[in-house]
Amino acid sequence: PSKAFFDYVFSHIKDFDKNSTLLIGDSLSSDVTGGMNSGIDICYFNPNKTAYDKSYKINYEISSLTELLEI
């Protein structure tokens, strides 16, 4: 979830724009936290619909990858 990691990755993507980026992840502790720390939108892949602490700033939550088509 290190902001430095995400900043490094973003710096290597040509024409990267945080405002048009969506991080899709299934881990609250790394993917979601990393996205929150980096200030990008997050889609939490939660196939088992597991309850979680709502203090996570998740923009979208899906339980099936086909739901991405709707976002």
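In short, a report on the structure. Please read these numbers as outputs of a predicted model, since none were measured by experiment.

Calculation rules
- Residues numbered from 1 in each chain as written.
- Predicted model: local features only at pLDDT ≥ 70, side-chain atom pairs only at ≥ 80, totals over all residues.
- Heavy atoms only, no water.
- Helix = DSSP H or I, 4+ residues; strand = E, 2+ residues; numbered from the N terminus.
- Buried < 20%, exposed > 50% of the residue type's maximum accessible area, 1.4 Å probe, protein only.
- Polar contact = N/O pair within 3.5 Å; in protein donor to acceptor, adjacent residues only side chain to side chain.
- Contact = heavy atoms within 4.5 Å.

Locating Ser27 in the fold gives a position in the loop between strand S1 (22–25) and helix H2 (28–38). By relative accessible area, which is 17% here, Ser27 ends up buried. There is a polar contact of 3.3 Å between the side chain of Ser27 and the side chain of Ser29. Among residues more than four places away in sequence, those in contact with Ser27 are Val32 and Tyr44.

Glancing now at unusual backbone geometry. Of note in the backbone geometry, Asp15 takes a positive phi value of approximately 55 degrees without being a glycine. The residue Asp15 is located in the loop between helix H1 (3–11) and S1 in this model. The backbone phi angle of Lys49 is positive, close to 50 degrees, even though this residue is not glycine. Along the chain, Lys49 falls in the loop between strand S2 (41–45) and strand S3 (60–62). By relative accessible area, Lys49 is classed as exposed at 62%.

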